[in-house]
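Results of the structural survey
Residues per chain are reported as follows:
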Amino acid sequence: ASFAEGMKACPQLQTVNIHWNSIGEAGAASFAEGMEACPQLQTVDIWGNSIGEAGAASFADGMKACPQLQTVNISGDRIGQAGAALLREVATRKGIKLSI
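Numbers given to residues run from 1 along each chain, matching the order in which its sequence is written. Thresholds applied to this predicted model are a pLDDT of at least 70 for local features of residues and 80 or more for the giving and counting of side-chain atom pairs; totals over whole chains, interfaces and linings are not thresholded and use all residues. Hydrogens and water are ignored here; the side-chain numbers use all heavy atoms of the structure.

1. Observations regarding the overall build of the protein chain
Going along the chain from the N terminus, every DSSP run of H or I of four or more residues is numbered as a helix, and every run of E of two or more is numbered as a strand. Check the secondary structure of the protein chain and you find four helices and four strands. In terms of C-alpha radius of gyration, the protein chain reaches 12 Å, essentially the compact-globule figure of 13 Å for 100 residues. Considered along the principal axes of its C-alpha atoms, the protein chain spans approximately 35 × 30 × 15 Å. In the protein chain, which comprises 100 residues, the proportion classed as buried is 41%. Considering only residue pairs separated by 6 or more positions, the protein chain has 85% of its internal contacts joining residues 24 or more positions apart. Radius of gyration here uses only the C-alpha atoms, and the compact-globule reference equals 2.2 Å multiplied by the residue count raised to the power 0.38. Partly exposed residues are those whose accessible area sits between 20% and 50% of the maximum for their type, while under 20% is buried and over 50% is exposed, using a 1.4 Å probe and protein chains only. Contact between two residues is taken to exist if any of their heavy atoms lie within 4.5 Å; hydrogens are not considered.

2. Concerning the environment of Asn-21
As for its placement among the helices and strands, Asn-21 is situated in the loop between β1 (15-17) and α2 (24-35). Asn-21 sits 26 residues away from Trp-47 along the chain, and the two C-alpha atoms are 8.9 Å apart. Asn-21 has contacts with Gly-48 and Asn-49, leaving out every residue within four places of it along the chain. Within the local environment of Asn-21, its side chain forms a polar contact with the backbone oxygen of Ile-18, the two atoms lying 3.1 Å apart. Two N or O atoms form a polar contact when they lie within 3.5 Å of each other; inside protein one atom must be a possible hydrogen donor and the other a possible acceptor, and for residues adjacent in sequence the pair counts only when both atoms belong to side chains.

3. A look at the packing of α2 against helix α3 (residues 53-64)
Axes here refer to lines fitted to C-alpha atoms; in helices the fit is confined to the stretch in contact. Angles between the N-to-C directions go from 0 to 180 degrees. As a packed pair, α2 and α3 sit with axes 8 Å apart at the nearest point and diverge in direction by 5°. The angle between α2 and α3 falls in the class roughly parallel. Each of Glu-25, Ala-28, Ala-29, Phe-31, Ala-32 and Met-35 in α2 lies in contact with α3, whose residues at this interface are Glu-53, Ala-54, Gly-55, Ser-58, Phe-59, Gly-62 and Met-63. Looking at side-chain class alone, the contact of α2 with α3 contains eight nonpolar, three polar and two charged residues. When describing relative orientation, an angle under 35 degrees is termed roughly parallel and one over 145 degrees roughly antiparallel, while 65 to 115 degrees is termed roughly perpendicular and anything else oblique. Any residue that is not Ala, Val, Leu, Ile, Met, Phe, Trp, Tyr, Cys, Pro, Asp, Glu, Lys or Arg is counted as polar, Gly included; the first ten are nonpolar and the last four charged.

4. A word on the packing of aromatic side chains
Within 6.5 Å between ring centres, the rings of Phe, Tyr and Trp (the latter by its six-membered ring) count as paired, and their orientation is classed by plane angle as stacked under 30 degrees, edge-to-face over 60, tilted in between. Applying the stated rule across the entire model yields three aromatic pairs. Ring plane angle 85° and centroid distance 5.6 Å describe the contact between Trp-20 and Trp-47, whose orientation is recorded as edge-to-face. Highlighted residues: Trp-20 in the loop between β1 and α2 and Trp-47 in the loop between β2 (43-45) and α3, separated in sequence by 27 residues. On the basis of relative accessibility, which here comes to 59%, the residue Trp-20 falls in the exposed class. For Trp-47, a relative accessible area of 24% puts it in the partly exposed group. Joined through ring pairs, the aromatic side chains of Phe-3, Phe-31 and Phe-59 make up one cluster.

What follows is the structure in structure tokens.
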């Protein structure tokens, strides 16, 4: 099952910690899709997962869909300057504490 499918089954989810799981770009995109189904999500630790710029862009879209999101840690990934800029833009606009 994908992250998106699993997260849709857990709409009350508030905290996710999936560091060092090598989810890569596809996993980050699936996780971001699942974030839409979790309006109460507040904290995401997704660091060290082989996420690059494309995954960071997907994750930035997922952040937009979470009204309660307060803290995101996506450090230890190779998101590049463009990916970091996208994440910072969303985090700043929504008041999310972001660790890159």
